[in-house]
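Commentary on secondary and tertiary structure
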Amino acid sequence: MAAAGVSIGLGGTRDHSLDAARSLLMILGVPYHAALIYSPGYDWVMNSPDGIAWIGLFADFIHSFRMPAFFLISGLLITHSLRRHGPRATLTSRASRLLVPLVAMAATLNVAQLWMESRAIDPGLTAGEFLTQTIPAAFWSGGLVYHLWFLVELFISVLALCLTYPLLVALHRRLAERAPGLARWLADPPDWLPPLLLSLVMMGVLGFDNISDRLVTPLVPTNSTAVSIVISAGFFAVGVLIAHWPGGAARYARASWGVALTYLACFAIHIGMVGVEKPMPVRFLDEALRAVAAWSAFRFVLGLTQSFFSAENRRVRALSQASYTIYLLHHLVVMAAGFALLAVTAPPLLEFAAITVVGLFVPLAVHHGLVRRSPTLRFLMNGIPPGEGKKRSTPARGREAMARRTG
């Protein structure tokens, strides 16, 4: 998976650029959630009375591509595991990586977050009321999941892929026999196919609310809906397809002005239409613009990391190892720092910067000071079973050499 897996190229060697891209996307969650505190008109778990006029646009900028790129990268990475280990072993491994931290964090740190939030709203809330009323209500509404929705939707995507993988392989063989020309085209399609597929996914869920309210209602006990799951699975599936095409991720990595301007144009038009009543054709256009913007940003991020971080880098490696822990812990740290600074009179931009720094470096220190050193914490927070951590401590060159020997 993108959050805790090893980034391996199809040749069996570690893809350091994907490590860097994954780490960057993880880190961006810190300024994103810190920005929500100071976004005027945004209803987050906490809001500062001293907003920053432009910070909401900054948060929208990060949100427009961060999670879609995560699912694309996750699809890229799982393909190697499927080819190497098969669907059953892949599903078992990903269940450990995703579900163990999900349950552990929801039952501990997210309960602590809920306590902070609830006490801020109702200072007179007692521990008994919190245990008997607040926690059960949050559980059934998905409130204990918070930002861990990514793990829920990624596991559903992985589960669906692993269960259908043998069928997909059989269908591919049948297609190659019955329609070899189409099979060859699908094996090496034109570069416009991924953004087209993503646009179709985004447009395809429009009107789901008219079919049934259940499709846009969170599925207990999560905060994910059928619509959000379909969108996430769509980006994940396109990542899987890219991994099967010649060149893989490198084929689309492009940190060029053209890619950047495409993203900016789509993002600006989408932002300009926010809050505007749109007829259905314009809604279709808006969703297509969101898909193309996310795809263009994904290409740009991959291009940057392949240009600057394609080789082994000790600092990037340390950050990559801690990225899952940063993802899990930063939400609580950002909230705690935000509540602390609400009682301090300081320029809001300085407060935002301080929360961002604390939100990044506290989880980073926790990972390298505690999680790495404790098999129990590695299992609970990173989903790495005891004993497997020793395998991961093998030097990178040794792992790559073994991968080449074992094919």
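With an unreviewed UniProt entry as reference, the chain is termed Acyltransferase family protein, source organism Azospirillum himalayense.

Remarks on the overall build of the chain
Regarding its fold elements, the chain presents 17 helices and zero strands. Relative to its length of 407 residues, the chain is compact, with a C-alpha radius of gyration of 22 Å against a globular reference of 22 Å. Taking the principal axes of the C-alpha coordinates as reference, the chain spans close to 70 × 55 × 40 Å. Counting across all 407 residues of the chain, residues that qualify as buried make up 49%. Summarising the internal contacts of the chain: among those between residues at least 6 apart in sequence, 77% fall at separations of at least 24. As presented, the chain carries roughly 19400 Å² of accessible surface, and 66% of it is formed by carbon and sulfur atoms. Between the centroid of the 33 positive side chains of the chain and the centroid of its 21 negative side chains there is a distance of 17 Å.

Notes on helix 1 (residues 16–37)
Counted at 1.5 Å a residue, the expected span for helix 1 with its 22 residues is 32 Å, and the 33 Å between its end C-alpha atoms agrees. Taking burial as the measure, the 22 residues of helix 1 include 21 buried ones, the bulk of the element.

A look at the confidence of the model for the chain
Looking at the chain, pLDDT values average 88 and 92% of them are 70 or higher. Note on residues 392–407: pLDDT is under 50 here. Beyond four places in sequence and across chains, it has 19 contacts.

Concerning the UniProt feature "domain: Acyltransferase" (unreviewed entry) in the chain
Residues annotated in UniProt with the feature "domain: Acyltransferase" (unreviewed entry) correspond here to residues 16–366. Secondary structure content for residues 16–366 is 76% helix and 0% strand, and the end C-alpha separation is 23 Å.

Examining the nonpolar core
Residues L151 and F298 are the most contacted members of the largest nonpolar core, which totals 101 residues. Of the residues forming this core, the biggest block, 15 residues, is contributed by helix 3 (residues 66–107). Once residues within four sequence positions are removed from consideration, F298 is found in contact with A69, L72, I73, L76 and I242.

Considerations on a nonpolar patch on the surface
Side chains of L182, W185, L186, W192, L196 and L200 sit close together on the surface and give an oily, nonpolar patch of about 570 Å² of accessible area. Elements represented by at least two residues in the nonpolar patch include exactly helix 7 (180–187) and helix 8 (193–204). With three residues, helix 7 is the largest single contributor of residues to the nonpolar patch. Turning to its location among the elements, W192 is positioned in the loop between helix 7 and helix 8.

A word on helix 11 (residues 257–272)
It helps to recall that an α-helix has 3.6 residues per turn; residues three or four apart then point in one direction. Its 16 residues give helix 11 an end-to-end C-alpha distance of 22 Å, which sits within 8% of 22 Å, the value for a rise of 1.5 Å per residue. Three or more residues of helix 11 are buried, namely V259, A260, Y263, C266, F267 and H270. Buried residues of helix 11 fall within an arc of 135° about the axis and therefore sit on the same side. Exposed and facing more than 90 degrees away from the buried side of helix 11 are W257, L261 and G272.

Some remarks on the packing of aromatic side chains
Applying the stated criterion to the full structure yields 17 aromatic pairs. When the ring of F58 is compared with that of F352, the centres are 6.2 Å apart and the planes differ by 85°; the resulting orientation is edge-to-face. You can see F58 sitting in helix 2 (residues 55–63) and its partner F352 sitting in helix 14 (residues 348–371), a full 294 residues away along the chain. A residue is classified by how much of its surface remains accessible, and F58, at 26% relative accessible area, is partly exposed. Plain terms: the ring middles of F61 and Y263 are 5.8 Å apart, the flat faces sit at 70° to each other, and that makes the pair edge-to-face. Of this pair, F61 sits in helix 2 while Y263 sits in helix 11, and the two are 202 residues apart along the sequence. Its relative accessible area of 5% is what places Y263 among the buried residues. Linked through ring pairs, F70, F71, W149, F150, Y324 and Y327 together constitute an aromatic cluster.

Looking at the packing of helix 1 against helix 2
It is the contact of helix 1 with helix 2, at a shortest axis distance of 9 Å, that shows an interaxial angle of 145°. The element helix 1 and its partner helix 2 pack so that their crossing is left-handed. Here helix 1 contributes L28, P31, Y32, A35 and L36 to the contact with helix 2, which in turn contributes I55, F58, A59, I62 and H63. In terms of residue class, the contact of helix 1 with helix 2 is built from nine nonpolar, one polar and no charged.

Rules of the game
Residues numbered from 1 in each chain as written. Predicted model: local features only at pLDDT ≥ 70, side-chain atom pairs only at ≥ 80, totals over all residues. Heavy atoms only, no water. Helix = DSSP H or I, 4+ residues; strand = E, 2+ residues; numbered from the N terminus. Rg over C-alpha atoms; globule rule 2.2 N^0.38 Å. Buried < 20%, exposed > 50% of the residue type's maximum accessible area, 1.4 Å probe, protein only. Contact = heavy atoms within 4.5 Å. Areas by Shrake-Rupley, 256 points an atom, 1.4 Å probe, with all protein chains shown as cover. Lys, Arg positive; Asp, Glu negative; His and termini not counted. Charge placed at Lys NZ, Arg CZ, Asp CG, Glu CD. Expected span 1.5 Å × (residues − 1). pLDDT = per-residue confidence, 0-100. UniProt positions renumbered as here; feature names shortened; annotations may be inferred. Core = buried A, V, L, I, M, F, W, Y, C linked by side-chain atoms within 4.5 Å. Patch = residues over 30% accessible without salt bridge, like charges linked within 9 Å, V, L, I, M, F, W, Y side chains within 5 Å. Salt bridge = Lys/Arg side-chain N within 4 Å of Asp/Glu carboxyl O. Arc of directions from axis to C-beta. Phe/Tyr/Trp six-rings, centres within 6.5 Å; stacked < 30°, edge-to-face > 60°. Axes fitted to C-alpha atoms, helices over the stretch in contact; angles between N-to-C directions. Left-handed = near helix turned anticlockwise from the far one by under 90°. Nonpolar A, V, L, I, M, F, W, Y, C, P; charged D, E, K, R; others polar.

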